[in-house]
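Below are the chains, spelled out letter by letter.
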Amino acid sequence: MTISEPTLDPHSSRDESTAPARRSFDPERLGLGLLLLAGALLVVVGTGMVTGALATLALALTLGTVVALIGAAVLGGPEVRRKLAPYGLLKPGMLWLALFYLAPLVTLLRNSLSTLPSRFAVKADFDWNFGNYSTAFTDFGGQFQRGFGYAAVATVLTIVLGYPLAYVIAFRGGKYRGLLLGLIIIPFFTSYLIRTIAWQSLLADTGPIPSALNDLGLQPVLNAMGIMDGDKILNTPAAVIGGLTYNFLPFMALPIYVSLEKINLNLVDAAKDLYSGSVRAFFKVIFPLSLPGVFAGTLLTFIPASGDFVNQQYLGNPNTSVIGQSIQNQFLVQNNLPVASAMSFVLMLIITVFVIIYSRFFGTDDLT
Amino acid sequence: MNSQNNDPLARMSLSRRRLLARAGMMGAAGMSLPAILAACGGSSDGASTSSSDTSASGSEAPLGGGGNSLFFENWPEYIDPTEDDLIGTVERFMAASGVEMNYAETYNDNVEYFAKIQPLLGTGKPIDPDIIAPTSWLVGRLISLGWVDKLPIDLVPNAANLRADLQKPAWDPTGEYSLPWQTGFAGIAYNIESTGRELKSTEDLFDPAFSGKIGMLTEMRDTMGLLMLADGVDISTVSTFDAAANAFDRLEAAKNDGQIRRFTGNDYLNDLSTGNFAACVGWSGDVVQLAVENPNIRFVIPEEGGTSWADAMVMPKGAVNRDAAAKWMDFCYDPVQAAQITAEVQYVSPVAGVQAELEKIDPELAVNPLLFPDDATLARTYSFANLDEGVEAEYDARFSAITGA
């Protein structure tokens, strides 16, 4: 994927390679060629397509591309070096991604199209078995829906809670800003698991929160709203969404804080000079300028929340299972690598599509 | 060491603390974070790490006698440790036999452990430990996959002390591959404060009065075992999926209408004592210990029948230290030594003659019916038959579809 978006403009290289055809040696072509070759070799080795002596050969060739690049830079003139520099700088990252991102992704894709010869087989046979994808949809449609549904509601809730929080700290925090930010972050020095399990005690039927709600007479209201189920709040969808909201709140509040904090308050004064009220100034000036923070926070919250299964496992019930949990179960309990891989791929695709649509809608130009 | 053991209160409080540690670890095990757990287990008592090279020559000498070292990977908190002025079984064994033993408490979860060893044993490579103690159904699976070696049973004279009801069990029909480490029962655990009455039948789990307050175990054979026994199915001979169909339908209906609050591992103890569960399927040893602190917690083997399970020592294929393993098994099957383990872990010992020895250490525990069940109790406990691969796959698939994962 890094191949398709190198810093070099494809137009420029095409112009150069077509127009001055008399040139026998094009450093940019050499750089790009060596980069792609090395990446492809590492993917081939990483996915286990070649083993033994062939793999050693491929690794030696990969090393060779590095040597060739350095050699070309040393032997060539300053102009050649200038043109090769971007490829040289891309190379470490490219090789890393090829081995630890692309190769596993290709393996996952292959697995998702494979069939297990027997239940406890170690390796699945690759045979273009698209049936795994239909299994993923038909058997786990509910889990996909709940996974994304809970994540979406939790994301909206983190915006509702996190935006005012970030706003107050950024504009009214004064000298306590650092302290207030610390208070958001400090609980997150504790393990994610421990914090989620702590909510089990707080929400337990005889725990402090349900008894307080009961004493306040809120139970019938919350029952009518569907938040509580009889006398219980633990092991309900509300508890799962609440857990997600709590756990991801800092990932929303902090990016919003950063974008709010950068806003030049003179802009608000200017708006007020132009007879804008506080509310209007907020919606015309501050809110649009803070959108990059909301955008980043949404990605940081929604994506991990969609695949999260910890909150469901500890705060949910068997009727609230989500996709992350099903994938884990297929991998580790059912030993069903192909279906689990297909589910992972579908999850990844849905999230990618979501991110593309979302970034079109909000635009990433302002996101820095 | 006897003076300490003779004080039941001191011992009980000790056990309770250790129990909590175990419950916490098991809870986290469900989270699939074996690394954290390995760290916890590894730092624990009684472990000597001096012989980490046990598997070095595994491939060359698959059935050799091996050196004078031994590696046993067992469940956490499943043996008496060396602490205060007590000397743990591992230390006593090392002193008595001269074997260098590495006892690791890093076996946390049957399913995850299987996933971990599958790529190795499945391709004929040995794994590090000489002995592991999986639960009986996994022992059965390992035997049928051919991933364990026969035990050097002729070098274990004390194996004759194996309880009669555990000889040639369903999971190991010839009795050549496994020796149980500890055993126990699954039945109904309940909090009488929440139920308001004594329970005695599996039907009580479906009482609408307890809607949303019932827990079931994620350990499929224990949960399904109870429900199938309630249907009159003899689980010790069951061989088809159809025999369980009704029980599965019942479980699914109870889950859909909210009767079942959660499927749990060891963390049911917490839900039971806080009152989130009125009743649940639970394990005998846990409840014996919990009841000491909270007398409202009761355990009953339902009148329709309960399941009996065992964690059994096996030697993974290619394990090298066969002589040392034999010495260890022989040592643990000596009733005097086994009683020390039972006093600590409070499960049902597989070794005959432990009761008489335990009387000398802890007379109260020696008459506890959950540690030393009478014949009437034993008569209504059944161990789940060894399912063949295809049938087991059907059971697992249906069960996990219901438990919501």
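1. Quick notes on the overall build of chain B
Here is step 1 of the chain: The helix and strand tally for chain B stands at 17 helices and 12 strands.
Here is step 2 of the chain: Going through the 405 residues of chain B one by one, you find that 52% of them count as buried.
Here is step 3 of the chain: In chain B, of all internal contacts separated by at least 6 residues, the share reaching a separation of at least 24 is 80%.

2. Overview of the overall build of chain A
Here is step 1 of the chain: Looking only at helices and strands, one finds 15 helices and 2 strands in chain A.
Here is step 2 of the chain: Relative to a compact globule of 368 residues, whose C-alpha radius of gyration would be 21 Å, chain A shows 27 Å and is clearly more extended.
Here is step 3 of the chain: C-alpha extents for chain A along the principal axes are approximately 85 × 70 × 30 Å.

3. Things to note about the domain arrangement of chain A
All names here are of chain A.
Here is step 1 of the chain: Each assigned domain of chain A is listed with its residue range as follows: domain 1 (10–112) and domain 2 (131–362).
Here is step 2 of the chain: Each of domain 1 and domain 2 was reduced to a C-alpha centroid, and the two centroids are 40 Å apart.
Here is step 3 of the chain: The residue makeup of the side of domain 1 that touches domain 2, split by class, is 2 nonpolar, 2 polar and no charged.

4. Quick notes on the interface of chain B and chain A
Here is step 1 of the chain: Contacts between the two partners involve 30 residues from chain B, matched on the other side by 26 residues from chain A.
Here is step 2 of the chain: Of all the secondary-structure elements, those providing two or more residues to the side of chain B that touches chain A are α5 (110–121), α9 (242–256), β7 (260–264) and α17 (389–403) of chain B.
Here is step 3 of the chain: With 6 residues, α17 of chain B is the largest single contributor of residues to the side of chain B that touches chain A.
Here is step 4 of the chain: Looking at side-chain class alone, the side of chain B that touches chain A contains 11 nonpolar, 13 polar and 6 charged residues.

5. Looking at the environment of Trp309 of chain B
Residue and element names in this part refer to chain B.
Here is step 1 of the chain: In this fold, Trp309 is placed in strand β10 (residues 306–313).
Here is step 2 of the chain: Sequence-wise, Trp309 and Thr381 are 72 residues apart; in three dimensions their C-alpha atoms are separated by 9.4 Å.
Here is step 3 of the chain: If sequence neighbours within four positions are ignored, Trp309 has contacts with Thr135, Ser136, Thr183, Gly184, Ala186, Asp222 and Ser383.

6. Considering the packing of helix α7 (residues 192–203) of chain A against helix α10 (residues 237–261) of chain A
All names here are of chain A.
Here is step 1 of the chain: Direction vectors running N to C along α7 and α10 enclose 135°, while the axes themselves pass 11 Å from each other. For the element pair α7 / α10, the angle class is oblique. The crossing of α7 and α10 is right-handed. Judged by residue contacts, Tyr192, Arg195, Thr196, Trp199 and Leu203 of α7 engage Ala239, Gly243 and Asn247 from α10.
Here is step 2 of the chain: The residue inventory of the contact of α7 with α10, partitioned by class, reads 4 nonpolar, 3 polar and 1 charged.

7. What to know about the sheet that holds strand β3 (residues 131–132) of chain B
Residues and elements named next belong to chain B.
Here is step 1 of the chain: Taken in spatial order, the 3 strands make up an open sheet running β2-β1-β3, and their pairing is parallel. Every other strand in the sheet has two partners, leaving β2 (100–104) and β3 as the edge strands with one partner each.
Here is step 2 of the chain: As judged from the 5 bridges shared by strand β1 (residues 69–73) and β2, these two strands associate in the parallel manner. Looking at β2, one finds that Ser69 is bridged to Glu100.
Here is step 3 of the chain: The strands touched by helix α12 (residues 322–332) are β1 and β3; relative to β1, the strand with the most contacts, the crossing angle is about 60°.

8. Focus on helix α8 (residues 220–230) of chain B
Residue and element names in this part refer to chain B.
Here is step 1 of the chain: A large share of α8 lies buried, amounting to 11 of its 11 residues.
Here is step 2 of the chain: Residues Met220, Arg221, Asp222, Thr223, Met224, Gly225, Leu226, Leu227, Met228, Leu229 and Ala230 constitute the buried set of α8.
Here is step 3 of the chain: Immediately beyond the C-terminal end of α8, within one or two residues, lies Gly232, with a positive phi of roughly 85°.

9. Here's the deal with the nonpolar core
Here is step 1 of the chain: If you look at the biggest cluster of nonpolar residues, it comprises 106 residues, and the most contacted ones within it are Ala189, Met228, Ala279, Cys280, Val314, Trp328 and Met329 of chain B.
Here is step 2 of the chain: Viewed by domain, this core spans two of them, domain 1 (2–183 + 310–370) and domain 2 (185–308 + 380–403) of chain B, each represented by three or more residues.
Here is step 3 of the chain: Those residues in contact with Ala189 of chain B, other than ones at most four positions away along the chain, are Leu272, Ala279, Cys280, Gly282, Val287, Ile297 and Phe299 of chain B.
Here is step 4 of the chain: Counting residues in hydrophobic clusters, the runner-up holds 49 residues, among them Tyr163, Ala238, Ala253 and Ala305 of chain A.

10. Describing unusual backbone geometry
Residues and elements named next belong to chain B.
Here is step 1 of the chain: Within the chain, Glu77 stands out as a residue other than glycine whose phi angle is a positive 55°.
Here is step 2 of the chain: In this model, Gln346 sits at a positive phi of 60°, which is unusual for a non-glycine residue.
Here is step 3 of the chain: With respect to the element layout, Gln346 can be found in the loop between α13 (335–345) and α14 (354–361).

11. Brief notes about the pairing of β2 of chain B
Here is step 1 of the chain: The element β2 of chain B is largely enclosed, with a buried count of 4 among its 5 residues.
Here is step 2 of the chain: Between β1 of chain B and its parallel partner β2 of chain B, the chain crosses via helix α4 (residues 89–97) of chain B, and the hand of that crossover is right-handed.

12. A few points about the packing of helix α2 (residues 27–46) of chain A against helix α3 (residues 53–75) of chain A
Residues and elements named next belong to chain A.
Here is step 1 of the chain: Where α2 meets α3, the closest approach of the two axes is 9 Å, and the angle between their N-to-C directions is 160°. Between α2 and α3, the interaxial angle falls into the category roughly antiparallel. Of the two possible hands of crossing, α2 and α3 adopt the one that is left-handed. Packed against α2, whose contacting residues are Pro27, Leu30, Gly31, Leu34, Leu37, Ala38, Leu41, Leu42, Val44 and Val45, the element α3 presents Ala55, Ala58, Leu59, Leu61, Thr62, Thr65, Ala68, Leu69 and Ala72 at the interface.
Here is step 2 of the chain: A per-class count over the contact of α2 with α3 returns 16 nonpolar, 3 polar and no charged.

Rules used in this analysis
- Residues numbered from 1 in each chain as written.
- Chains lettered and ligands numbered in written order.
- Predicted model: local features only at pLDDT ≥ 70, side-chain atom pairs only at ≥ 80, totals over all residues.
- Helix = DSSP H or I, 4+ residues; strand = E, 2+ residues; numbered from the N terminus.
- Buried ≥ 20, exposed ≤ 12 C-beta atoms within 10 Å, placed from the backbone.
- Contact = placed C-beta atoms within 7 Å.
- Rg over C-alpha atoms; globule rule 2.2 N^0.38 Å.
- Domains from an automatic or database assignment.
- Nonpolar A, V, L, I, M, F, W, Y, C, P; charged D, E, K, R; others polar.
- Axes fitted to C-alpha atoms, helices over the stretch in contact; angles between N-to-C directions.
- Parallel < 35°, antiparallel > 145°, perpendicular 65-115°, else oblique.
- Left-handed = near helix turned anticlockwise from the far one by under 90°.
- Pairing = 2+ DSSP bridges.
- Core = buried A, V, L, I, M, F, W, Y, C linked by C-beta atoms within 7 Å.
- Right-handed = clockwise from strand over helix to strand, strands pointing away.

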